Amino acid sequence: MNIVVPIKQVPDLVEELEIAASGKDLDREWLKYKINEFDDHALEEALCFKEAHGGQVIAVAIDGEDVDKALYTAAAKGADRVIKITGEVADNSHAHARALANVIGQLDWNMVFIGVQAVDERDGQTGVILAHYLGVPHISVVTEVQQSGGGVEVVKEFGGGIVAKLEVQPPAVFGIQAARQTPRYVPVAKVRRAMRGTELEEMDAGSVDVTAGSEVVRLFKPESKGGAEMIEGSPEEVAAKLAEIIKSKL
Amino acid sequence: MKVFVVAEHMKGQLAETTFELLGKARALAGDGGEVIALLGGHGHKDLAAQLGAADKVIYADHPALEQFNPQAWCKAVTQMLQGRLPGLVLVSYSSQGMDLASGVGTALDVPVLAYATDVQADGGRITVTSQLYGGKIMAESAVNGDSAIVAMLAGVAPADAGRAEGSPAVEEVSLEGLDALQVTFKELVEPEGGDVDITKADVIVSVGRGIQSEENIEMAEALAQKLGGVVAASRPIVDAKWLPKSRQVGKSGLKVKPKLYIALGISGAPEHIEGMKDSETIIAINSDPKAPIFEYAHYGVAEDLFDVVPALTEKL
Ligand SMILES: Cc1cc2nc3c(=O)[nH]c(=O)nc-3n(C[C@H](O)[C@H](O)[C@H](O)COP(=O)(O)OP(=O)(O)OC[C@H]3O[C@@H](n4cnc5c(N)ncnc54)[C@H](O)[C@@H]3O)c2cc1C
C-alpha cells in the first residue's frame with residue numbers, strides 16, 4: 001500500500017512568539033520553524049508500515065519556510081518520493097486540506113498518515129478536513145497501523161490509557177498521534193546526500209476555493225490569571241525557599 | 001440562540017466534558033434559547049435522563065454507534081444536525097471530538113473552530129477564543145454566518161452548571177447509510193495496570209522533555225523518594241518509552257489531583273494541563289520564563305532544572 005504523508009512546518013515553541021503589528025498574525029520575521037512533531041510521528045509510522053509490508057511512502061508539503069529541508073530530511077529517512085506543492089495557499093486548515101486533496105487526488109495512494117493536529121490549527125484539523133475532501137473515512141489519535149487481511153488494523157487512543165482497535169478498508173486518512181517507535185534521527189550528512197540524490201518534485205496546488213469560515217479578530221498573549229509566584233535567586237536560595245514551601249504544604 | 005451539544009460517552013458513562021458543554025450551552029442559549037443534546041448509541045437511550053440541562057435530546061440508535069466508530073459517528077451527528085441549523089454546536093476537543101468537530105463541520109460546510117476556551121454569542125454574532133501554539137498565544141475569531149462547530153478544551157467551563165435533574169423530551173431519529181462502512185469497530189482495550197497508581201499519590205514529581213534523557217529521570221526519582229511521592233511524566237517521555245504509559249498525565253493519560261505536583265521541564269501544553277490543573281499545589285521548574293505552565297502553577301522557578309533539582313533534594 002502507498003502512504004502519503006503531508007508534512008508541515010510550524011513555529012518552534014522554544015522561541016519567544018511575538019504578535020505582528022496587525023494584531024492578527026504572528027510576527028514571522030524572526031520565527032524559527034520546525035516540523036510539526038505529530039507529522040514527524042506520521043512519517044515514522046508510515047516508514048515502519050512500509051518496512052513491514054512494502055509499498056511506497058510519499059512525503060508532500062505545501063511550499064513555505066524550510067520546506068525543502070523538511071522534504072529532503074523525509075527522503076533521507078526513507079521516503080520514496082518527495083513533492084512540494086506550489087501556488088497560492090492561504091494559511092488555514094481548510095485551504096491546506098484543499099490543496100493537499102487536489103494533489104493527492106493525482107497520486108496512486110491508499111492511505112494518508114498526517115499529524116493528528118498542529119499547534120496553529122485554529123479552524124480544525126487538516127487531516128479530518130482532507131479526508132472529507134477526498135471522500136474517505138478518517139480516524140484521529142492513531143498510534144499504530146498494521147496490515148490485516150485485505151485492510152488495516154488501527155489503534156486509536158482515548159483518555160485514561162484506553163485504546164480501541166478498528167478495522168479499516170482503505171482508502172482512508174489517519175491522524176497520527178504517536179508512531180509505534182520514536183521517530184528516527186538522520187544525521188545532517190545523510191540529509192545533504194539526499195539533497196544531491198533526490199528529485200524534489202513540484203506539483204501545483206490547483207484551485208483552492210475554500211475559506212476558514214471565520215476571521216481572526218485579534219491575537220493576544222494569555223492574560224495572566226495571577227499565575228505563579230516566581231521564586232528567584234541562586235540555585236541554593238531557590239532550593240531553600242522551595243523546601244520551605246513544600247514543607248508547609250505537606 | 002439554538003445550541004447543540006454532542007453528548008460523549010464510553011462504557012455506558014457520559015463524559016465529564018459533556019456536562020461542561022451543557023452548562024456553557026445553557027448560558028449561551030439565554031432566555032428563550034434552546035439547548036439540544038445530540039446522543040447516539042446502541043441501547044444508550046437511558047443516558048438521556050442525565051441530560052436534564054438540555055431542553056431536548058435527539059437520540060439515534062444504530063449498531064454501528066455502540067462504540068466510537070469515527071465514520072459511523074460523523075455520519076450520525078451530521079444527519080442529526082441536517083435541517084436543524086442554524087445554531088451553535090459544541091463538541092469536546094477529545095479523542096472522539098477530534099474526529100467529530102472537523103468531520104461534521106466539513107460535511108455540513110459549517111465553520112469549525114478548534115482549541116476553544118470560550119464562545120460568545122452576542123446578538124447572534126459568534127465569537128470564539130482559541131488557545132494556539134501550545135498555550136502561548138490566544139486567538140479571537142469572528143465566525144462568518146450564523147452557525148459554527150466549536151471544539152472546546154476540557155475544563156474550561158464548570159461541569160456543575162450542566163448537571164440538572166429532570167428528563168428532557170427525547171426525539172428519536174433514524175439514520176441512513178450506516179450499514180456498509182469501511183470502518184469496523186473491533187474492541188476496546190483497557191490499559192495494563194502499572195507498577196504504581198499515580199492517581200493515588202499525594203506527591204507527584206512529573207518530568208517533561210526538559211529532562212533530556214532517560215538517565216536523568218533518576219534525579220526526579222531521588223526527589224520523589226525524599227517526598228514519599230512517585231514520578232510521572234508528560235507524553236513525549238512515555239512515547240520515548242522512558243516511562244510506562246501508566247505514568248502519563250494528561251488528555252490521553254491519567255487525571256491526577258495530588259497535594260503537590262512538581263513539574264520539571266514541562267511546557268504546559270493544554271493536553272498536559274487537562275490532567276493536572278486541579279492539583280492542590282503546583283510547582284513548576286522550567287528554564288523558559290514564558291512557558292505556559294507558569295500560568296497554572298502556584299510557584300514557579302524559571303531556571304535550569306539541573307541546577308535546582310539536586311539542590312532541592314539536598315535541602316529536604
Ligand atoms: C490528542 C493528543 C493527546 C495528548 N495527550 C497528552 C497527554 O496525555 N499528556 C501530555 O503531557 N501531553 C499530551 N499530548 C502532547 C502535548 O500536545 C505536548 O506535545 C506535550 O505535553 C509536551 O510535553 P512537554 O511539556 O514535556 O514537552 P515540550 O513542550 O517540548 O516542553 C519541554 C519544556 O522543557 C523546558 N526545558 C528544557 N530544558 C530545560 C532545563 N534544562 N530546565 C528546565 N526546563 C527545561 C522547555 O523550556 C520546555 O518548556 C497530547 C497531544 C495530542 C494531540
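Residues numbered from 1 in each chain as written. Chains lettered and ligands numbered in written order. Predicted model: local features only at pLDDT ≥ 70, side-chain atom pairs only at ≥ 80, totals over all residues. Heavy atoms only, no water.

Enquirer: When you look at the overall build of chain A in this model, what are you seeing that I'm missing?
Expert: In terms of helices and strands, chain A carries six helices and 13 strands. Along the three orthogonal principal directions, the C-alpha set of chain A runs to about 60 × 45 × 40 Å. For chain A, with 250 residues in total, the buried portion stands at 56%. Within chain A, contacts between residues separated by at least 24 positions form 72% of all contacts whose residues are at least 6 apart in sequence. Total accessible area on chain A stands at roughly 10400 Å², and carbon and sulfur atoms take up 47% of it. Treating the 26 positive side-chain charges of chain A as one cloud and the 40 negative ones as another, the clouds have centres 3 Å apart. (Helix = DSSP H or I, 4+ residues; strand = E, 2+ residues; numbered from the N terminus. Buried < 20%, exposed > 50% of the residue type's maximum accessible area, 1.4 Å probe, protein only. Contact = heavy atoms within 4.5 Å. Areas by Shrake-Rupley, 256 points an atom, 1.4 Å probe, with all protein chains shown as cover. Lys, Arg positive; Asp, Glu negative; His and termini not counted. Charge placed at Lys NZ, Arg CZ, Asp CG, Glu CD.)

Enquirer: What is the right way to look at the confidence of the model for chain B in this model?
Expert: Low-pLDDT stretches of the model should not have their predicted coordinates read in fine detail. Confidence along chain B averages 96 in pLDDT terms, with 100% of residues attaining 70 or more. Scored as a whole, the predicted complex attains pTM 0.95, and scored at its interfaces, ipTM 0.94. (pLDDT = per-residue confidence, 0-100.)

Enquirer: For this particular structure, what's the right way to read the sheet that holds strand S13 (residues 203-207) of chain B?
Expert: Paired through their backbone hydrogen bonds, the strands of a sheet run either parallel or antiparallel. Taking strand neighbours across the sheet as the criterion, the six strands line up as S13(A)-S17(B)-S16(B)-S15(B)-S13(B)-S14(B) in an open arrangement whose pairing is parallel. Each edge of the open sheet is held by one strand with a lone partner, namely strand S13 (229-230) of chain A together with strand S14 (230-233) of chain B. Each of strand S15 (260-264), strand S16 (281-285) and strand S17 (299-301) of chain B touches helix H6 (residues 235-249) of chain A; the most contacted strand, S16 of chain B, lies at about 165° to it. (Pairing = 2+ DSSP bridges. Axes fitted to C-alpha atoms, helices over the stretch in contact; angles between N-to-C directions.)

Enquirer: What exactly am I supposed to notice about the interface of chain B and chain A here?
Expert: In this complex, chain B contributes 83 residues to the contact, which on the side of chain A involves 83 residues. Summed over both partners, the interface of chain B with chain A comes to about 7000 Å²; 60% of that surface belongs to carbon and sulfur atoms. The shortest N-O distance in the salt bridge between glutamate 140 of chain B and arginine 218 of chain A comes to 3.0 Å. Taken together, the links from chain B to chain A amount to 40 residue pairs in polar contact (both at pLDDT 80 or more). (Buried area = accessible area lost by both parts, 1.4 Å probe. Salt bridge = Lys/Arg side-chain N within 4 Å of Asp/Glu carboxyl O. Polar contact = N/O pair within 3.5 Å; in protein donor to acceptor, adjacent residues only side chain to side chain.)

Enquirer: Help me understand the site of the ligand, please; the structure alone is not making it clear to me.
Expert: Residues in close proximity to the ligand total 31 residues, the closest being Ser234, Gln248, Val249, Ser267 and Asn286 of chain B. The site occupied by the ligand is bordered by residues of chains A and B. Serine 234 of chain B has a polar side-chain atom sitting 2.6 Å from an oxygen atom of the ligand. Elements represented by at least two residues in the shell around the ligand include exactly helix H1 (37-53) of chain A together with helix H5 (235-239), helix H6 (270-276) and helix H8 (305-315) of chain B. In the shell around the ligand, the residues fall into nine nonpolar, 14 polar and eight charged. (Near = heavy atom within 4 Å. Nonpolar A, V, L, I, M, F, W, Y, C, P; charged D, E, K, R; others polar.)

Enquirer: I keep staring at a negative patch on the surface and nothing clicks. Help me out?
Expert: A cluster of acidic residues, Glu232 of chain A together with Glu303, Asp304 and Asp307 of chain B, forms a negative patch on the protein surface. Classification of aspartate 304 of chain B by relative accessible area gives partly exposed; the value is 36%. (Patch = residues over 30% accessible without salt bridge, like charges linked within 9 Å, V, L, I, M, F, W, Y side chains within 5 Å.)

Enquirer: Even after reading the chapter, I still don't get the domain arrangement of chain B, so can you show me in this structure?
Expert: Accessible area lost when the parts come together is the quantity often used to give the size of an interface. Residues and elements named next belong to chain B. Entries for chain B in the domain assignment read domain 1 (2-173) and domain 2 (198-315). The C-alpha-based centres of domain 1 and domain 2 are spaced at 32 Å. Of the residues lining the interface, ten residues belong to domain 1; the matching set on domain 2 comes to eleven residues. When domain 1 packs against domain 2, close to 730 Å² is buried across both sides, 56% of that on carbon and sulfur atoms. When residues of domain 1 are sorted by the area they lose upon contact with domain 2, Gly134, Lys136 and Ala154 head the list and together hold 47% of the total. Across the domain 1-domain 2 interface, the total number found is one salt bridge. Close ionic contact of lysine 136 with aspartate 288 constitutes a salt bridge, the shortest N to O distance being 3.0 Å. In this assembly, domain 1 and domain 2 are joined by three residue pairs in polar contact (both at pLDDT 80 or more). (Domains from an automatic or database assignment.)

Enquirer: Which parts of the structure should I look at to understand the sheet that holds strand S8 (residues 125-132) of chain B?
Expert: Read from one edge of the open sheet, ten strands run S12(A)-S9(B)-S8(B)-S7(B)-S10(B)-S6(B)-S1(B)-S4(B)-S5(B)-S11(B), paired in mixed fashion. Two strands bound the open sheet, and with one partner strand each, they are strand S12 (214-220) of chain A together with strand S11 (169-173) of chain B. Taking each pair of neighbouring strands and ignoring which way they run, the sheet shows an average axis angle of 30°. Each of strand S1 (2-6), strand S4 (34-41), strand S5 (56-61), strand S6 (88-92) and S11 of chain B is contacted by helix H2 (residues 70-81) of chain B, which is oriented at about 145° to S4 of chain B, the strand it contacts most.

Enquirer: Looking at this structure, how should I read the packing of aromatic side chains?
Expert: Geometry of an aromatic ring pair is reported as the spacing of the ring centres plus the angle between the planes. What the rule picks out here adds up to five aromatic pairs over all chains. Measuring from ring centre to ring centre gives 6.0 Å for phenylalanine 113 of chain A and phenylalanine 174 of chain A, while their planes differ by 55°; the resulting arrangement is tilted. With a gap of 61 residues between them, phenylalanine 113 of chain A in strand S6 (residues 111-115) and phenylalanine 174 of chain A in strand S10 (residues 172-176) connect regions that are remote in the sequence. Across the pair, phenylalanine 174 of chain A and phenylalanine 113 of chain A agree in class, each one buried. One aromatic cluster is present, built from ring pairs that chain together Phe49, Phe113 and Phe174 of chain A. The side chain of arginine 98 of chain A reaches across the aromatic face of tyrosine 133 of chain A, ending 4.7 Å from its centre. Lying across the ring of phenylalanine 19 of chain B, arginine 163 of chain B places its NZ or CZ 4.5 Å from the centre. (Phe/Tyr/Trp six-rings, centres within 6.5 Å; stacked < 30°, edge-to-face > 60°. Lys NZ or Arg CZ within 6 Å of the ring centre and 35° of its normal.)

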